[in-house]
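Observations on chain architecture
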Amino acid sequence: MSQEETLNGKLPGGAFLGRALHRIGLRGRGLVIAIPVLWLFLFFLLPFLVVAKISLSEAAIARPPYLPLWNWDDGFLNITLNFGNYLFLFDDPLYLSAYIESVKIAAVSTVITLLVGYPMAYLIARAAPDTRNILLMLVILPFWTSFLLRVYAWIGFLKGNGIINNILMKIGLINEPLVMLQTDFAVYIGIVYTYLPFMILPLFANLVKLDQSYLEASADLGARPVTTFFTVTLPLSASGIIAGCMLVFIPAVGEFVIPALLGGPDTLMIGRVLWNEFFSNRDWPIASAVAIVMLVVLVIPIMLLRKAQAAEAEVQ
Amino acid sequence: MKKIMMTCAAVALGAGGALAEGELNVYNWSDYIAEDTIANFEAETGIKVNYDVFDSNEVLEAKMLTGSSGYDVVVPSIEFMARQAQAGVFAKIDKDALSNYGNLDPQILKILAVNDPDNTHGVPYMMFTTGLGYNVKAVEERIDAEKIGSWDMVFDPETAAKLADCGIAVLDSPSEIMAPALNYLGLDPNSEDKADLEKATDLLLSVRPHIRYFHSSQYINDLANGDICVSVGYSGDVLQARDRAAEANQGVEVAYAIPKEGGQVGFDMLAIPDDAPNAENALKFIDYILKPEIAAAVTNYVYYANPNTAATEFVDDEVRNDPGIYPSKEVQANLFSLRPHTPRYDRSLTRAWTTIKTGQ
């Protein structure tokens, strides 16, 4: 009887799904891996392929505003690939200098974020467990307010008759308001401020696991605290530093909102160039080519770095 | 008392019918409608309105060209609407369904028909000019009286240099700045000639060091707060800044001038995307906006002139007689309107704009 019910598909849904997956050869380990693979395929690879496809097309006044890559003509499949979009990027020095400028701003911001974030992460990791939780909470707390709102708040601080200028003028340090808003300086402040938690959290996770006995051993062997820091703590936290830097650097390169709100008109980052191509020129193919080139420029060095690290770990 | 009760009943009825009458998704420019227009429309028709705003034609255009935007009524400027209509993104306006269509000024419809043959795809919403907003006191302290209200304030390096310290802002809209620059040089504002574009670019580069920023809506607050003293801006936006400054009472007085050399007159159009989920309600909304009292109420609030002849009598005297909102006949003669550009020219224009902004 119960056997029959099972055959009639009266099993609970989960068990039924499990059977179906079993039948197509997915079980246990494979199933666990399949979900993230499917996720990456749907939300990373597929959108990337769509962008790659558009980058080989040609702009047109249509909806969507580019020509199709393939069409059927008398039973023949015609595929037109337009690599001109990529060549065009090298025709005009604008794109190269925008890439360089973006990487420069992101790199400088990352270094500043690291210099500010490391001591904070270190102190939080060394604090008593009760205090530690409060301090971590304080790092995460700003996330409860919209990122956009917090960038707007910086406008209030930095502008001509904003808070900072008003205080400085009141105490007589300056006579004329300092021009801080709409400069690269404001962009650095915005990026460092916004991405600081992304630096602190991986560093903290790393530093909190640091075995205190290493430090004691180092001290016992006569090293001063500074020496201990540079020869023991810092090398041991390398993976935290790399993780934090990646989390800050990669999104900072493509940052659009912060330079748009805080930066000056001459702050030329790749996000702005993309905006221009996409919105002002309505040239989705070129915009896509810009995005693909940026991905290649960023991803390849990162993959090489990872490979080098893996090789190094193997040697050890 | 009886009247109040009846109004209450009407509102209750309207609210009750909300579900039955469906929804309407409107995508309009920021600060571009009277405070109570939407609420009144909802109360009268029982349609639930989702109201969303943008601040640049380009952003709207990208949504239209992507398709399935979900919007029922959008408000592109005429030269943008013309190109989008070419891409086939708009439904034809069923004029027979618009009982108030006859209120529109036939002269204006004729001008618009140059870009939108037979006024097929759009109904004019508001008209604007692009001119100069300035902080009266700050400007008078720095430049000669005859230069005030002239494009010299922005395009003449000597004059602009004197104003640089209190802040010059320019719309981040290549076509709307390049056109007056061409006009200032005595060239056709709609020219697509490469040499003309170069001349205008050189002109803007010569004043570039004196321009603090390029942005299409930030100047409203900044003018009102006294953070900048001159801005190329849209008429109604500058006049809203003037009111905010007066309300704040911090000693900032803002004025708007259509430059004597001439400025751009633009039209924003009500249009219905061809994939609008509530196209019928969209027509009802457009017809509602065309009612004289409603159009006048919007004008009174946003300080943009409407193309609705029947509405003029309901427009406040101070608004109707403000030459910044309803320009005089002589000023009108100097106004020019924009035409859509070819994609090739748009690319040169954007490139020139990047050169002007970044020096690259």
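Residues numbered from 1 in each chain as written. Chains lettered and ligands numbered in written order. Predicted model: local features only at pLDDT ≥ 70, side-chain atom pairs only at ≥ 80, totals over all residues. Heavy atoms only, no water.

On to the interface of chain A and chain B. One widely used convention gives an interface's size as the accessible area the parts lose upon coming together. On the chain B side, the residues contacting the 28 residues of chain A number 33 residues. Together, Arg63, Pro265 and Arg282 of chain A form the three largest contributors to the area buried by chain A at its contact with chain B, with a combined 28%. Counting across the interface, chain A meets chain B through eight salt bridges. One salt bridge in this structure joins arginine 351 of chain B and aspartate 92 of chain A, with 2.5 Å as the shortest N-O distance. On the surface where chain A and chain B come into contact, there are 11 residue pairs in polar contact (both at pLDDT 80 or more). For the side of chain A that touches chain B, the elements supplying multiple residues, two or more each, are helix 5 (93-126), helix 14 (270-280) and helix 15 (284-315) of chain A. Looking at the side of chain A that touches chain B element by element, the count peaks at seven residues for helix 14 of chain A. (Contact = heavy atoms within 4.5 Å. Buried area = accessible area lost by both parts, 1.4 Å probe. Salt bridge = Lys/Arg side-chain N within 4 Å of Asp/Glu carboxyl O. Polar contact = N/O pair within 3.5 Å; in protein donor to acceptor, adjacent residues only side chain to side chain. Helix = DSSP H or I, 4+ residues; strand = E, 2+ residues; numbered from the N terminus.)

Turning to the domain arrangement of chain A, a few remarks are in order. In terms of domains, chain A is made up of domain 1 (2-79) and domain 2 (92-282). For domain 1 of chain A and domain 2 of chain A, the distance between their C-alpha centroids amounts to 38 Å. (Domains from an automatic or database assignment.)

Before going further, it helps to examine the sheet that holds strand 1 (residues 23-29) of chain B. Residues and elements named next belong to chain B. Read from one edge of the open sheet, three strands run 2-1-3, paired in parallel fashion. The open sheet has two edge strands with one neighbour each: strand 2 (48-54) and strand 3 (73-74). Of the strands in this sheet, strand 1, strand 2 and strand 3 touch helix 4 (residues 57-66), which is tilted by about 140 degrees from strand 1. In the packing of helix 14 (residues 279-289) onto the sheet, contacts are made with strand 1 and strand 3, and the angle to strand 1 comes to roughly 55 degrees. (Pairing = 2+ DSSP bridges. Axes fitted to C-alpha atoms, helices over the stretch in contact; angles between N-to-C directions.)

So, on to the state of the cysteines. All names here are of chain B. For the structure on display, the rule yields one disulfide over all chains. Residue cysteine 166 pairs covalently with cysteine 229 via a disulfide, S to S 1.9 Å. When the S-S torsion is 55 degrees, as for the bridge of cysteine 166 with cysteine 229, the disulfide is right-handed. Placement of the pair is cysteine 166 in the loop between helix 9 (157-163) and strand 5 (168-170) and cysteine 229 in the loop between helix 12 (218-225) and strand 7 (230-234), with a sequence separation of 63 residues. Accessibility classification places cysteine 166 together with cysteine 229 in one group, the buried group. (Disulfide = S-S within 2.5 Å. Buried < 20%, exposed > 50% of the residue type's maximum accessible area, 1.4 Å probe, protein only.)

Turning next to the packing of aromatic side chains. Tallied over the full model, the rule gives 25 aromatic pairs over all chains. Seen from their ring centres, phenylalanine 278 of chain A and tryptophan 284 of chain A are 4.7 Å apart, and the 15 degrees between their planes marks the pair as stacked. On the basis of relative accessibility, which here comes to 27%, the residue phenylalanine 278 of chain A falls in the partly exposed class. Using a relative accessible area of 8% as the deciding quantity, one classes tryptophan 284 of chain A as buried. When the ring of tyrosine 32 of chain B is compared with that of tyrosine 125 of chain B, the centres are 5.2 Å apart and the planes differ by 85 degrees; the resulting orientation is edge-to-face. (Phe/Tyr/Trp six-rings, centres within 6.5 Å; stacked < 30°, edge-to-face > 60°.)

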